Amino acid sequence: MPSHLFADRPAPQPPERGTVDALITQTRRLRGGVDAVRRDVFVDDDDAQVRWQRALCDLAVHQLDDLGAHLDQLRDGPTAEEQDAATLAVENAFGADPETPGPLSRVGSAEWNLLTDAVSWSEELFQIFGRPPESGGMSLDELPTVVVDEDQALLTAMVTGALVDGRPIDGEFRIVRPDGTVRTLHMMGEPVLDADGCTASMWAVLRDVSELRRGQRAVRESRDRLQRERRIARTEHRLAVELQEAVLPPWRGSLRLPHGGPGALDIAAHYLPSSASDLIGGGWYDALELPGGASLLTVGDLTGHGVTATGGMAMLLGALRGMAVAGIGPGPLMGHLNQLLETTVQPALGSAVCCRYEPARRRLVWSGAGHPAPLLFRGGTGRALGASGGVLLGATHGAAYDQAEATLHEGDLLVLHTDGLTRRGACDESDQRRLLALAPLFDGGRTAQDCVRMIVEEFGEHEREDDACVLVARIGS
């Protein structure tokens, strides 16, 4: 039985492959053009404007490489885990003010002249640092004062490596703006040497990559969270399967009850899983010999899936067996099960049908709680023994359940089933009509196991939204 709490979400539509291929081609062509400009045009390292333009070309090439990689992944399609992680990352990472400029607009440049102590900052760099242009650019000695403590040593090492060893700068550090916000900057730069080979100045291009790094961090965290959730789900699924196998009757194939005497039942049952293999529900079937020679026949279902549903099913089925062995009739038994569900910590609803069969008089006493009535097949025709009676278990305090009687004949076939037999969750009446239509096939002395096999073939083994149970009993001579 599906949970009474649910939500439907529309499935996202993938992009058309031809469109993505065209974007990939355009990106590669653009990347080649930018690379050619960078390689062939900007060759004068003594011109600050040229160095600035070359640095921008380097950034553009890196960004186009990233874009190409993203488009390749979009064309090939992400795994389910990557798709979920990306969705969570977008939701968690990009909730910033829409008025904030995009990453491509947050690029600034600077040059520090070591001979004159002159500092030149672009207008964009003042915006990145949140400083008014009239305050002037910060010197290399002043720059660490706005860098977070953990990153000051990294910045010092990069600047020292450029000024002393002539190494290019390529690294990231975080700054604290005057308004208290923290931004992550990617810095690329090189020292400029004079005619004697000594460092005369240093230039750099700084890019604000805060949103990019925040998005990447959100993707990692989302992926880790999804992996943890899936490990937990796999563990819960395994526990639910093990609990279900431990609780449902151990017999497979057919069973005869009682084991001796006239009017014995030939019984067979089957559990039909949901088409989604991870949905282990709270459905059950059971047949049990009672003191005095009577037999218990029951099927039922609880709302929900997983360990909670199978745990509730185990509790309910255990109580049902105990009360049936104690001689409590089907009607009062349903009332006690309703009271039991009312007192559980985890709220749940259930449906069930419970039958007591007395072979000496071939009398069947049954009661239902929001459940399809038993179906009786005789002489090539079938009918329901009554309407679905009683409210759902756990729905109403102090509910009372009536019980009905029927006299069975030798060769009669009794079918108990949960809802959800139909492939795509059609109504219970549809299940009943299709079962009754099998009446001619059930005739002719077929065993209960044969009839179960016919039902499974009719309704499909793995083609339903929820799991289902079916129990068949043939009245013997």
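Residues numbered from 1 in each chain as written. Predicted model: local features only at pLDDT ≥ 70, side-chain atom pairs only at ≥ 80, totals over all residues. Heavy atoms only, no water.

**Notes on the overall build of the protein chain**
Regarding its fold elements, the protein chain presents 11 helices and 16 strands. Looking at the 477 residues of the protein chain, the share that counts as buried comes to 43%. Long-range contacts, defined as pairs at least 24 residues apart, comprise 65% of the intrachain contacts of the protein chain with a sequence gap of at least 6. A total accessible area of about 24200 Å² is found for the protein chain, and carbon and sulfur atoms account for 53% of it. (Helix = DSSP H or I, 4+ residues; strand = E, 2+ residues; numbered from the N terminus. Buried < 20%, exposed > 50% of the residue type's maximum accessible area, 1.4 Å probe, protein only. Contact = heavy atoms within 4.5 Å. Areas by Shrake-Rupley, 256 points an atom, 1.4 Å probe, with all protein chains shown as cover.)

**Observations concerning the packing of aromatic side chains**
What characterises a pair of aromatic rings is the spacing of the ring centres plus the angle enclosed by the ring planes. Overall, the coordinates contain three aromatic pairs when judged by the stated rule. Consider the rings of tryptophan 121 and phenylalanine 126, whose centres lie 5.3 Å apart with planes at 55°: the pair is tilted. Judged by its relative accessible area of 10%, tryptophan 121 falls in the buried class. Residue phenylalanine 126 is classed as buried on the basis of its relative accessible area of 7%. Their ring planes at 85° and their centres at 4.9 Å tell us that phenylalanine 377 and phenylalanine 442 sit as a pair that is edge-to-face. Here phenylalanine 442 lies in helix α10 (residues 439–442) and phenylalanine 377 lies in strand β12 (residues 375–378), a separation of 65 residues in the sequence. Owing to a relative accessible area of 2%, phenylalanine 442 belongs among the buried residues under this scheme. Each member of the aromatic cluster is reached from another via a ring pair, and the members are Trp121, Phe126 and Phe129. (Phe/Tyr/Trp six-rings, centres within 6.5 Å; stacked < 30°, edge-to-face > 60°.)

**Concerning the pairing of strand β7 (residues 265–272)**
As a general feature of sheets, a regular strand has side chains that alternate between the two faces. Most of β7 is tucked away: seven of the eight residues are buried. Across four bridges, strand β6 (residues 254–257) lies against β7 in antiparallel orientation. Of the residues in β7, the one forming a bridge with leucine 255 is isoleucine 267. As judged from the eight bridges shared by β7 and strand β16 (residues 468–475), these two strands associate in the antiparallel manner. Its bridge partner lying in β16, histidine 270 is registered against valine 470. (Pairing = 2+ DSSP bridges.)

**A word on the sheet that holds β16**
Backbone-to-backbone hydrogen bonds join strands into a sheet, with any given pair of strands oriented parallel or antiparallel. The sheet built from six strands is open, its strands ordered β6-β7-β16-β15-β12-β13 with antiparallel pairing. The open sheet is flanked by β6 and β13 (381–384), the only strands paired with a single partner. If you compare each strand with its neighbour and ignore which way they point, the axes differ by 20° on average. Along the sheet, helix α11 (residues 448–459) makes contact with β6, β7, β15 (413–417) and β16, crossing β7 at roughly 25°. (Axes fitted to C-alpha atoms, helices over the stretch in contact; angles between N-to-C directions.)

**Overview of the confidence of the model for the protein chain**
Mean pLDDT over the protein chain: 81, with 83% of residues reaching 70 or higher. Low pLDDT, under 50, characterises residues 2–14; the stretch is placed with 10 contacts to residues that sit more than four places away or in other chains. (pLDDT = per-residue confidence, 0-100.)

**What to know about the side chain of threonine 310**
Following the sequence through the fold, threonine 310 ends up in helix α7 (residues 307–325). A relative accessible area of 0% places threonine 310 in the buried class. Beyond its immediate chain neighbours, meaning those up to four positions away, threonine 310 contacts Ala240, Leu243, Gln244, Ile280 and Gly281.

**Digging into the pairing of β15**
Of all five residues in β15, five are buried, a share of seventy percent or more. Going residue by residue along β15, you find Leu413, Val415 and His417 tucked away on one face and Leu414 and Leu416 tucked away on the opposite face as well. The pairing of β12 with β15 spans three bridges and is classified as antiparallel. Residue phenylalanine 377 lies in a different strand from β15, and its bridge partner there is leucine 413. Judged from the five bridges that link them, β15 and β16 form a sheet pairing that is antiparallel. Residue leucine 416 lies in a different strand from β16, and its bridge partner there is leucine 471.

**Concerning empty space enclosed by the protein**
If you walk through the whole model with that rule in mind, you get one cavity of 30 Å³ or more. Size it by volume and the largest cavity reaches roughly 40 Å³. Lining the largest cavity, in full, are Leu290, Leu296, Ala324, Ile328, Pro330, Leu333, Cys354, Cys355 and Arg356. Taken together, the elements giving at least two residues each to the lining of the largest cavity come down to α8 (330–342) and β10 (350–358). Element by element, the count of residues in the lining of the largest cavity is highest for β10, at three residues. By residue class, the composition of the lining of the largest cavity is eight nonpolar, no polar and one charged. (1 Å grid on protein atoms, 1.4 Å probe; cavity = no way out; pocket = protein on both sides within 12 Å on 5 of 7 lines; lining within 4 Å. Points joined across faces, edges and corners; volume = space filled by probe spheres on them. Nonpolar A, V, L, I, M, F, W, Y, C, P; charged D, E, K, R; others polar.)

**Brief notes about the sheet that holds strand β8 (residues 284–289)**
Read across the sheet, five strands follow the order β8-β9-β10-β11-β14 without closing on themselves; strand pairing throughout is antiparallel. The open sheet has two edge strands with one neighbour each: β8 and β14 (404–407). The mean angle between the axes of side-by-side strands here comes to 15°, regardless of whether they run parallel or antiparallel. Across eight bridges, strand β9 (residues 295–302) lies against β10 in antiparallel orientation. Within the sheet, the bridge partner assigned to glycine 300 lies in β10 and is alanine 352. Contacts between α7 and the sheet are confined to β8, β9 and β10, with β8 contributing the most and set at about 20° to the helix.

**A few points about the nonpolar core**
Core analysis: the largest hydrophobic core is formed by 52 residues, its most contacted members being Ile267, Tyr285, Leu297, Leu393 and Leu471. The leading source of residues in this core is α7, at six residues. When near neighbours in sequence (up to four residues on either side) are disregarded, leucine 471 contacts Ile267, Ala268, Ala269, Tyr285, Asp286, Ala287, Leu297, Thr298, Val299, Leu414, Val415 and Leu416. With 24 residues, the next largest nonpolar core counts Leu125, Met158, Ala162 and Ile169 among its residues. (Core = buried A, V, L, I, M, F, W, Y, C linked by side-chain atoms within 4.5 Å.)

**Observations concerning the packing of α7 against α8**
The geometry of α7 relative to α8 is characterised by a closest axis approach of 10 Å and an angle of 145° between their N-to-C directions. Handedness of the α7/α8 crossing: right-handed. Contacts between α7 and α8 pair Met315, Leu316, Ala319, Leu320, Met323 and Ala324 from the former with Leu333, His336, Leu337, Leu340 and Leu341 from the latter. Along the lines of polarity and charge, the residues of the contact of α7 with α8 split into 10 nonpolar, one polar and no charged. (Left-handed = near helix turned anticlockwise from the far one by under 90°.)

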